[in-house]
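Observations on the model geometry
So you can see what is in the structure, the chains are spelled out below.
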Amino acid sequence: MTAVIDPNRLVPRSDGLPDYQVAVVGAGFGGIGMGIKLKEAGFHDFVMIEQAADIGGTWRDNTYPGVAVDVSSFTYSFSFEPNPDWSRAYAPGRELKAYADHCVDKYGLRAHIVLNTEVAAAEFDEKAHLWRVTLADGRVFTARFVVAAVGVLTQPKPPDIPGVGDFAGKTIHTARWAHDYDLTGKRVAVIGTGATSVQLVPAIADRVEHLDVYQRTPIWVAPKPDATIPAAVRSLFRRVPAAQLGTRMMTTALTETVMTLGIVHNKQLPLLVKGIEQICLRHLHRQVPDPVLRAKLTPQYGFGCKRPSFSNDYFRTFTRAHVDLITEGIERVTENGIVTRDGVHREIDTLILATGFKVFEFGNTPPFPIHGRDGIELGAWWDEQRYQAYQGITMPKFPNAFTIAGPYGFTGGSYFQLIENQSRHVIRCLEQARSTGATFLEVKQAAHQRYFDWALRRVRDGVFYNNHCGAAHSYYFDKHGDTPILRPSSAVEAWWDSRTFSLRDYEFRGAGTKAAAHPLVAKERVS
């Protein structure tokens, strides 16, 4: 029987048990993957809380012109749910949103999702072994376990530039694109030259009257091996899934070669990254003949220090007469333009902020207060004591709580690898709790410290500390100078650990000892 969740309310229980056994916060791909695996393992009494009006996370929010994946479509998907219908090797964003909808519908998750509902706080009840989750509208519900699947690239980060709020024209952040606003014939300024800008700038250049692109730090850009996938190939993938699996294995292996050998083991194999840098520089040289412009677009830090990108059009866009690359620092934004530090004022009609997201910083990771045992609040503790988590997923003092995109969890290849690994970790813990009748599980301090020490040792071999990253202005680095966004290992190693980590690294306890008596195997509710 499938539990049905009333979309207009969270359903309370009257039998003294938690309202839900598992609460998943977020209905992007992290939450979707977690929901699928919960059902697969026989855990049906769960709810997915989503603050927005639709599912899809990043691919719901980012709809700016040119948005697409920058990892091969064959790799950027669930391994258990291949999509034979990608239109391109690097699929456009709308296809990722459609894929999210497909997964939700195929695996019956709609009945578990509550939209337009924001979590304001969560607090662990040490006596009852459950979480009390407070919503923004004041409602409170309880859950035995909580999974934070909120991602890290969710909250847009406005630039810290005087006068941004004073601009009288149209201001658009790329993560909140205004589709009802026409750029045709407008004088447009784009602030930011990260991976988003690499996609955006070529996509809007044709329609604007003039385009100013303000660059603080140039980005490494490699040629993009993109192409339309012929209908015959898509048909083959549908009829012979092994053909698509083989393609996925090749694209994943290539990604892993760069991320693991080049980024994680840069100290031992520096020539691999140097070779990639030469490919990027030759690409730049072919597209930009002007040596002065080319010098402005050349990074002064090593490949991998910040997120690189792929494009066949970005560099050549700056050779067009109506497009200017501006590298002087911005002094302030005025009502009708931007003043740079050399005193030049450039008038514009539209200001586009391609300034990225808050990542590992207080107020974003996590995006709401989470109070564990002894009153400790997770966000404040991380902000003060450094970001850390066992296998990137659990923390001492925070029982029955998991995070999908925690510190030192993501291997840097495909985000779907992270989701599958972390979901597998959660399920192993829940299955152990079910089999022993435990209502409380918490990672042991010694296991947590062992993993954190390992991560800190391993990152010293990586590109972040061996390739002149000081000039990168990278969001990979947090306020402590750490790089918690990436796990310093291969995806294969993370995959293996998710299957073999010792359950002795956790403490399991509770009132019952028999699985049949445990709430996780109680009958489902229908409402």
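Look up: the structure comes first, before these words.
Heads up: these notes are all about the structure in this document. Here the structure is a predicted model, which is why all the values come from computation and not from measurement. (Residues numbered from 1 in each chain as written. Predicted model: local features only at pLDDT ≥ 70, side-chain atom pairs only at ≥ 80, totals over all residues. Heavy atoms only, no water.)

1. Side note on the layout of surface pockets
Put simply, the second largest pocket is a space of about 390 Å³. Together, 15 residues line the second largest pocket, and Ser79, Arg248, Thr252, Gln417 and Trp495 are the ones closest to its centre. Mapped onto the lining of the second largest pocket, the elements with two or more residues apiece are helix 6 (241-264), helix 11 (415-436) and helix 13 (491-500). Along the lines of polarity and charge, the residues of the lining of the second largest pocket split into six nonpolar, four polar and five charged. (1 Å grid on protein atoms, 1.4 Å probe; cavity = no way out; pocket = protein on both sides within 12 Å on 5 of 7 lines; lining within 4 Å. Points joined across faces, edges and corners; volume = space filled by probe spheres on them. Helix = DSSP H or I, 4+ residues; strand = E, 2+ residues; numbered from the N terminus. Nonpolar A, V, L, I, M, F, W, Y, C, P; charged D, E, K, R; others polar.)

2. Some details on the pattern of salt bridges
For the coordinates displayed, the defined rule picks out 29 salt bridges. Notably, a salt bridge pairs Glu361 with Lys157, separated by 3.3 Å at the nearest N-O pair. Separated by 204 residues along the polypeptide, Glu361 in the loop between strand 16 (350-353) and strand 17 (370-371) and Lys157 in the loop between strand 6 (140-148) and strand 7 (170-173) bring together distant segments of the chain. Judged by relative accessible area, Lys157 falls into the partly exposed class, the value being 35%. Two residues, Lys274 and Glu277, come together in a salt bridge whose shortest N-O distance is 3.7 Å. Of this pair, Lys274 and Glu277 both sit in helix 7 (residues 270-287), three residues apart, which is roughly one turn of that helix. Judged by its relative accessible area of 9%, Glu277 is buried. (Salt bridge = Lys/Arg side-chain N within 4 Å of Asp/Glu carboxyl O. Buried < 20%, exposed > 50% of the residue type's maximum accessible area, 1.4 Å probe, protein only.)

3. Brief notes about the packing of helix 1 (residues 29-40) against helix 3 (residues 93-106)
For any two helices packed against each other, one specifies the crossing angle of their axes together with the interaxial distance. Where helix 1 contacts helix 3, the two axes come as close as 10 Å, and the packing angle between them is 25°. When the interaxial angle is binned, helix 1 and helix 3 end up roughly parallel. The interaxial crossing formed by helix 1 with helix 3 has left-handed handedness. From helix 1, Phe29, Ile32 and Ile36 reach across to helix 3, where they touch Leu96, Tyr99, Ala100, Cys103 and Val104. For the contact of helix 1 with helix 3, the residue count by class is eight nonpolar, no polar and no charged. (Axes fitted to C-alpha atoms, helices over the stretch in contact; angles between N-to-C directions. Parallel < 35°, antiparallel > 145°, perpendicular 65-115°, else oblique. Left-handed = near helix turned anticlockwise from the far one by under 90°. Contact = heavy atoms within 4.5 Å.)

4. Some points on the packing of helix 1 against helix 11
In contact at an axis separation of 9 Å, helix 1 and helix 11 are set at 40° when each is read in the N-to-C sense. In terms of orientation, helix 1 lies oblique with respect to helix 11. Judged by the sense of rotation from one axis to the other, the crossing of helix 1 with helix 11 is right-handed. Listed contacts from helix 11 to Phe29, Gly30, Gly33, Met34, Lys37 and Leu38 of helix 1 are Phe416, Ile419, Ser423, Val426, Ile427 and Leu430.

5. Details of the sheet that holds strand 8 (residues 187-191)
Strand order in the open sheet made by the five strands is 7-16-8-9-12, with parallel pairing throughout. In this open sheet, the two strands that pair with only one neighbour each are strand 7 and strand 12 (323-326). The average undirected angle you get between the axes of adjacent strands in this sheet is 15°. For strand 9 (residues 210-214) and strand 12, the ladder comprises four bridges, and the chain directions are parallel. Bridging from a neighbouring strand, Leu211 pairs with Val323 of strand 12. Each of strand 8, strand 9, strand 12 and strand 16 is contacted by helix 4 (residues 195-205), which is oriented at about 170° to strand 9, the strand it contacts most. (Pairing = 2+ DSSP bridges.)

6. A closer look at the environment of Tyr107
Within the secondary structure, Tyr107 sits in the loop between helix 3 and strand 3 (113-114). Between the C-alpha atom of Tyr107 and that of His345, which follows or precedes it by 238 residues, the distance is 55 Å.

7. A short note on the pairing of strand 6
Within strand 6, eight of the nine residues are buried, leaving the element largely enclosed by the surrounding structure. As paired strands, strand 1 (residues 20-25) and strand 6 are joined by five bridges and run parallel to one another. The residue bridging Ala23 from the neighbouring strand is Val146, located in strand 6. Two strands pair when backbone bridges link them, and strand 5 (residues 130-135) and strand 6 are joined in this way by four bridges, in the antiparallel orientation. For Val133, the partnering residue across the bridge sits in strand 6 and is Phe141.

8. Some points on a nonpolar patch on the surface
Where nonpolar side chains cluster on the molecular surface, the patch consists of Val492, Trp495 and Trp496 and spans about 340 Å² of accessible area. Following the sequence through the fold, Val492 ends up in helix 13. (Patch = residues over 30% accessible without salt bridge, like charges linked within 9 Å, V, L, I, M, F, W, Y side chains within 5 Å. Areas by Shrake-Rupley, 256 points an atom, 1.4 Å probe, with all protein chains shown as cover.)

9. Some details on the environment of Ile113
Position of Ile113 among the secondary structure elements: in strand 3. Note on Ile113: relative accessible area 6%, which makes it buried.

10. Comments concerning the nonpolar core
If you look at the biggest cluster of nonpolar residues, it comprises 135 residues, and the most contacted ones within it are Phe29, Ile32, Leu38, Trp131, Phe141, Leu211 and Phe402. At eight residues, helix 11 tops the list of elements feeding residues into this core. In contact with Phe29, other than residues within four places in its own chain, are Trp59, Phe78, Leu96, Tyr99, Ala100, Phe416 and Ile419. Counting 13 residues, the second largest nonpolar core, distinct from the first, contains Ala189, Ile326, Ile338 and Leu353. (Core = buried A, V, L, I, M, F, W, Y, C linked by side-chain atoms within 4.5 Å.)

11. Examining empty space enclosed by the protein
In total, this model carries five cavities of 30 Å³ or more according to the counting rule given. Here the largest cavity is characterised by a volume of approximately 250 Å³. Contributing to the lining of the largest cavity are 26 residues, with Ala148, Ile370, Leu378, Phe402 and Thr403 lying nearest its centre. Of all elements in the fold, only strand 6, helix 10 (378-385) and strand 18 (401-403) reach the threshold of two or more residues within the lining of the largest cavity. In terms of residues, the lining of the largest cavity owes the most to one element, strand 18, which gives three residues. Of the residues in the lining of the largest cavity, the class split is 20 nonpolar, six polar and no charged. In this structure, the second largest cavity occupies an estimated 80 Å³ of space. Forming the walls of the second largest cavity are Ile263, Val264, Val459, Gly462, Val463, Phe464, Leu486, Arg487 and Pro488. The residue makeup of the lining of the second largest cavity, split by class, is seven nonpolar, one polar and one charged.

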